[in-house]
Amino acid sequence: AYVMPLVQLGADDPDAAWETAHKAIARWSQEGFHMQHLMALLSQTEACLYRGDGLAAWNHLDGHWHAYTCSLLTRVQMAHIQALFTRARSAIAAASEAADPRPFWKAAERDARQLERENMPWSLALARLLRAGLGKARGDHAGACARLAELIPKLDNLQGRLHAAARRCLGCSLEGEEGRRLVQDADAWMAAQHIRNPARLAAALIPGFCPVPT
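Quick caveat, the model's predicted, so the values are computed rather than measured. (Residues numbered from 1 in each chain as written. Predicted model: local features only at pLDDT ≥ 70, side-chain atom pairs only at ≥ 80, totals over all residues. Heavy atoms only, no water.)

*Asks:* Looking at this structure, how should I read the packing of aromatic side chains?
*Replies:* Here a ring pair, both rings aromatic, is described through the centre-centre distance and the interplanar angle of the planes. Scanning the model with the defined rule gives three aromatic pairs in all. When the centroid spacing of 5.0 Å and the interplanar angle of 65° are considered together, the rings of W65 and Y68 count as edge-to-face. In this pair, W65 and Y68 both sit in helix 4 (residues 54–70), three residues apart, roughly one turn of the helix. With respect to burial, W65 and Y68 carry one shared label: buried. Among the aromatic side chains, those forming a connected cluster through ring pairs are F33, W65 and Y68. (Phe/Tyr/Trp six-rings, centres within 6.5 Å; stacked < 30°, edge-to-face > 60°. Helix = DSSP H or I, 4+ residues; strand = E, 2+ residues; numbered from the N terminus. Buried < 20%, exposed > 50% of the residue type's maximum accessible area, 1.4 Å probe, protein only.)

Given below as structure tokens:
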């Protein structure tokens, strides 16, 4: 429900990622809301983000959010941090498609604050990443780039999958040799991880900075 769909996104196949999660959860109990339901939900939301369909990502995740919050899973910190980060990214992506982006920006800010209250090194880094994306989406190009550049060393220390995406998004936002170098370094790292479409994956992981490639 979760790992294989992520592998399929790395292989540039969001349709397969969605279908894999769908088939997996169809074999699980449909009563209640369990960790398996959350993993499938996040996988399918990631597939929507990868396709560049922010409103679909938001609607899919938000449509199941009540069931999630009524379960005890919000007390599982690692899962809750991932859920908040995914919902906030969906909000930022949806804002770029909405006639009025402000409600989606407000939703992303709310989730960023919740991530800060978790007070873990990676939740704090994710909150800062969201704020950088929000700044870029609102037109604060220089401030957003400065926030992202400051955050990259922290992401490197956390050794997560976001450090290459952050470098690529920053590189796309800068002009000249520095920007090209950042993009090349990020693409080389992601190619070594067998990621077929670095541009699309980076845009999905850090919405607001770079448009999803067509």
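*Asks:* Teacher, can you tell me more about a nonpolar patch on the surface here?
*Replies:* A cluster of nonpolar side chains, contributed by V3, M4 and V7, occupies part of the molecular surface with about 290 Å² of accessible area. Within the secondary structure layout, V3 lies in helix 1 (residues 3–10). Looking at V3, the relative accessible area reads 61%, which means it is exposed. (Patch = residues over 30% accessible without salt bridge, like charges linked within 9 Å, V, L, I, M, F, W, Y side chains within 5 Å. Areas by Shrake-Rupley, 256 points an atom, 1.4 Å probe, with all protein chains shown as cover. Salt bridge = Lys/Arg side-chain N within 4 Å of Asp/Glu carboxyl O.)

*Asks:* Hey, could you run me through unusual backbone geometry in this one?
*Replies:* With glycine set apart, most residues show a phi of negative sign, and most peptide bonds adopt trans. The phi angle at D12 is positive, at roughly 65°, despite the residue not being glycine. Within the secondary structure layout, D12 lies in the loop between helix 1 and helix 2 (14–26). A relative accessible area of 31% means that D12 is categorised as partly exposed. Even without glycine at this site, N119 takes up a positive phi of about 55°.

*Asks:* I keep staring at the environment of L151 and nothing clicks. Help me out?
*Replies:* Inspection of the secondary structure assignment puts L151 in helix 8 (residues 141–158). In sequence terms L151 and A166 are 15 residues apart; their C-alpha atoms lie 8.6 Å from each other. The residues touching L151, leaving out its near neighbours within four places in the chain, are A125, R128 and L129. (Contact = heavy atoms within 4.5 Å.)

*Asks:* For this particular structure, what's the right way to read the pattern of salt bridges?
*Replies:* Between side chains of opposite charge, a pair can form as their charged atoms come close. Evaluated as defined, the whole model comprises twelve salt bridges. Between D156 and R167 there is a salt bridge whose closest N-O contact spans 2.8 Å. Of this pair, D156 sits in helix 8 while R167 sits in helix 9 (residues 162–173), and the two are eleven residues apart along the sequence. Accessibility expressed as a relative area gives 27% for D156, which makes it partly exposed. One salt bridge in this structure joins D187 and R168, with 2.7 Å as the shortest N-O distance. With a gap of 19 residues between them, D187 in helix 10 (residues 176–192) and R168 in helix 9 connect regions that are remote in the sequence. In this structure, a network of salt bridges that share partners links the residues R87, R110 and D111.

*Asks:* It is not clear to me how the side chain of D111 should be interpreted in this structure. Could you clarify?
*Replies:* By secondary structure assignment, the location of D111 is in helix 6 (residues 102–118). In this structure the side chain of D111 is engaged in a polar contact, spanning 2.7 Å, whose partner is the side chain of R87. Setting aside its immediate chain neighbours within four residues, D111 contacts L84, R87 and A88. (Polar contact = N/O pair within 3.5 Å; in protein donor to acceptor, adjacent residues only side chain to side chain.)

*Asks:* Which parts of the structure should I look at to understand the confidence of the model for the protein?
*Replies:* Do not read the predicted coordinates in detail wherever pLDDT is low. Averaged over every residue, the pLDDT of the protein is 94; residues scoring 70 or more account for 98%. Considering each helix and strand of the protein separately, the mean pLDDT is smallest for helix 8, with a value of 90, and largest for helix 6, with 98. (pLDDT = per-residue confidence, 0-100.)

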